[in-house]
Amino acid sequence: MEYDFEPDAGRQEKGLRALLKRRKSAVLLVAEKAGEVLGMCSVQVLISTAEGGRVGLLEDLVVKDGLRGFGIGSALLTEALKWCAFRGLLRVQLLRDAGNGPALDFYTHRGWSGTRLVCMRRRL
Ligand SMILES: CC(C)(COP(=O)(O)OP(=O)(O)OC[C@H]1O[C@@H](n2cnc3c(N)ncnc32)[C@H](O)[C@@H]1OP(=O)(O)O)[C@@H](O)C(=O)NCCC(=O)NCCS
């Protein structure tokens with residue numbers, strides 16, 4: 001969805017399989033009905049020196065087009081936060097596309113706040 005990423009089904013599948021192997025330090029949540037996946041979300045555990053302990057990185061929150069606005073995204077987010085709280089994580093963070101206004105509203109309405117951090121990266 002993000003301007004900075006190019007969708008690639010092969011790489012995404014590889015990433016999802018790797019996440020599934022990290023049973024203790026990552027979770028993949030799906031919303032499904034009759035075997036059809038309607039939405040998903042992932043969380044990975046990182047160590048934050050700022051927090052002095054384990055924190056979560058939330059990614060991949062997406063609901064199928066045409067099924068948005070029915071509470072599926074909220075339910076996935078609630079479950080993701082429960083997973084984090086149950087494991088004693090100290091904070092959850094995510095990256096959002098700067099131009100994704102609907103996502104900004106979505107998270108803000110659910111108690112998330114913005115930061116002054118800006119993401120930088122370098123390919124290896
Ligand atoms: C952001 C997203 C995951 C939210 O999922 P969702 O199932 O639409 O979420 P909900 O139904 O729980 O809530 C959506 C909010 O938008 C409103 N809404 C109404 N109609 C909507 C529609 N057709 N599409 C999206 N949102 C709608 C809802 O009323 C609700 O408003 P609120 O924040 O005031 O409660 C989903 O819109 C999505 O997949 N977007 C594209 C991917 C994306 O941007 N992901 C976030 C990356 S950081």
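Being a predicted model, the structure only gives us computed values, none of them experimental.

**Some remarks on the overall build of the protein**
For the protein, the count of helices and strands is 3 helices and 4 strands. Going from N to C terminus, the protein has its helices and strands arranged as α-β-β-β-α-β-α. For a compact globule of 124 residues, the expected C-alpha radius of gyration is about 14 Å, and the protein comes in at 15 Å, within 12% of that figure. Each principal axis of the C-alpha distribution contributes one length, and for the protein these read about 40 × 35 × 35 Å. When the 124 residues of the protein are sorted by exposure, 27% land in the buried category.

**Brief notes about the pattern of salt bridges**
One side chain can pair with another of opposite charge once the charged atoms of both are near each other. In total, this model carries 6 salt bridges according to the counting rule given. Taking the shortest distance from any N to any O, the salt bridge between Lys64 and Glu36 comes out at 2.4 Å. One end of the pair, Lys64, is in the loop between β3 (53-63) and α2 (72-86); the other, Glu36, is in strand β2 (residues 36-48), and 28 residues separate them in sequence. The partner of Arg68 in a salt bridge is Asp65, with the nearest N and O atoms 3.6 Å apart.

Basis of the calculations
Residues numbered from 1 in each chain as written. Predicted model: local features only at pLDDT ≥ 70, side-chain atom pairs only at ≥ 80, totals over all residues. Heavy atoms only, no water. Helix = DSSP H or I, 4+ residues; strand = E, 2+ residues; numbered from the N terminus. Rg over C-alpha atoms; globule rule 2.2 N^0.38 Å. Buried < 20%, exposed > 50% of the residue type's maximum accessible area, 1.4 Å probe, protein only. Salt bridge = Lys/Arg side-chain N within 4 Å of Asp/Glu carboxyl O.

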